[in-house]
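# Tertiary structure, described
Chain by chain, the residues run as shown.
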Amino acid sequence: MSTSAAVLRAGGPKKPGVSTWENLRGLWPYLGRYTGPIALGLVALAIMGLIGVLVPLATGIITDAVAGSARPFQQAAPGVAVDVGALNRLSELIPHYQPGSRGTLAFYCLVIVVCIALKGLMSFITRWVLIGVSRDIEFDIRSDLLDRLLVMEPEFYVRNRTGELMSRATNDLNAVRMVLGPGIMYTGTTIVTMVLSIAILVVISPSLTLWVLLPVPVVAFAVRHFGKVIHELYEKIQASLATLSAKVQENLSGVRVVRAYAQEDAEVRGFDEPNREYVAKNVELIRTWSMFMPSLTALIGTTFLIVLWQGGYRYLH
């Protein structure tokens, strides 16, 4: 019920001192109804992240086998102080390795194919379960919202227009579903992949890992800055959409009165302003996204340039 009340307040002025996490606290009871499916989805997500890390490892083993290295990852960071013990333990976990062996190449090529197939299967299970749960929670919240609307006092419907309530029951709840489904899924995928990748990178080459992580603070700052701007713009767009929906609903419900008093032109002019405001806010949001995505891609691409620069330099020397 608390989430239903929050949805009813959506589009209105924010309460001072209330954080986003406090606003999302009302979702916990709904998540508690689906702990089993959510746990299954998170397990599949963790397996998917683990398999995703194994693919580049298998590629590196194939490269070492073709290069004729006596052990895999033996020349992972030439000329650099590494944790030899950890690197040896990692090499001991690699089965069926023989330098220059066709059997090794065939085995690890098959491993890559199997890993990609399993990753696709785990990705399907993750999306099917978590996205499905988000749809079920959306259904539950919408049902509770209707129950809440049916018991509200008459003054509530004087203060809030019908079109705005319709917008909050449709568009705002869809935004809540996006937080519960794709939001949890992508956040979990990022955390699992990041932790596993950094752990393996540190074992192979701690110094090169530091170089790789050098752009991370800049990326974090860019994501935080643009995320705040996009969040504020999205709230304004939701409010504009609620106003636009209310205007349409009022005109449709009162169309006989409008026609009877020949107010068509006045209503068209009254609709034009919120419509243009809604379009302008969306254009501003698209402009922000058009700056955010290339900047993020460029910063991530910088990581690849650093790897090629430092890794290539160390290998040549």
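First things first, this report covers the structure right here in the doc. (Residues numbered from 1 in each chain as written. Predicted model: local features only at pLDDT ≥ 70, side-chain atom pairs only at ≥ 80, totals over all residues. Heavy atoms only, no water.)

## A few points about the overall build of the chain
Broken down by element type, the chain carries twelve helices and zero strands. Secondary structure elements of the chain, listed N to C terminal, follow the sequence α-α-α-α-α-α-α-α-α-α-α-α. Looking at the chain as a whole, 32% of its 317 residues are labelled buried. Once local pairs closer than 6 in sequence are excluded, the contacts in the chain between residues at least 24 apart make up 84%. (Helix = DSSP H or I, 4+ residues; strand = E, 2+ residues; numbered from the N terminus. Buried < 20%, exposed > 50% of the residue type's maximum accessible area, 1.4 Å probe, protein only. Contact = heavy atoms within 4.5 Å.)

## Examining the packing of helix α6 (residues 102-150) against helix α8 (residues 162-204)
Between α6 and α8, whose axes approach to 9 Å, the crossing angle comes to 150°. The angle between α6 and α8 places the two elements in the roughly antiparallel class. In the packing of α6 onto α8, the handedness of the crossing is right-handed. Only Ala-169, Thr-170, Leu-173, Asn-174, Val-176, Arg-177, Leu-180, Gly-181, Pro-182, Met-185 and Tyr-186 of α8 make contact with α6, whose side of the interface consists of Thr-126, Arg-127, Leu-130, Ile-131, Ser-134, Arg-135, Ile-137, Glu-138, Ile-141, Arg-142 and Leu-145. Residue classes in the contact of α6 with α8 are distributed as twelve nonpolar, five polar and five charged. (Axes fitted to C-alpha atoms, helices over the stretch in contact; angles between N-to-C directions. Parallel < 35°, antiparallel > 145°, perpendicular 65-115°, else oblique. Left-handed = near helix turned anticlockwise from the far one by under 90°. Nonpolar A, V, L, I, M, F, W, Y, C, P; charged D, E, K, R; others polar.)

## Overview of empty space enclosed by the protein
All told, the structure shown has one cavity of 30 Å³ or more when counted by the stated rule. Within the residue set of the lining of the largest cavity, elements represented by two or more residues are α6 and α8. Top element by residues in the lining of the largest cavity is α6. It accounts for four residues. A per-class count over the lining of the largest cavity returns seven nonpolar, one polar and no charged. (1 Å grid on protein atoms, 1.4 Å probe; cavity = no way out; pocket = protein on both sides within 12 Å on 5 of 7 lines; lining within 4 Å. Points joined across faces, edges and corners; volume = space filled by probe spheres on them.)

## With respect to the side chain of Ser-134
By the element assignment, Ser-134 lies in helix α6. For Ser-134, a relative accessible area of 1% corresponds to the buried category. In this structure Ser-134 touches Arg-177, Leu-180 and Gly-181, once residues within four positions along its chain are discounted.

## Description of unusual backbone geometry
Glycine aside, a negative phi is what most residues show, and trans is what most peptide bonds show. Here the phi dihedral of Ala-262 falls at roughly 55°; this positive angle occurs in a residue that is not glycine. Here Ala-262 shows up in the loop between α11 (255-260) and α12 (264-316).

## Looking at the packing of helix α10 (residues 216-253) against α12
At a closest axis distance of 9 Å, the pairing of α10 and α12 adopts a crossing angle of 160°. Regarding the angle of α10 to α12, the classification is roughly antiparallel. Here the hand of the crossing between α10 and α12 comes out left-handed. Residue classes in the contact of α10 with α12 are distributed as 21 nonpolar, seven polar and six charged.

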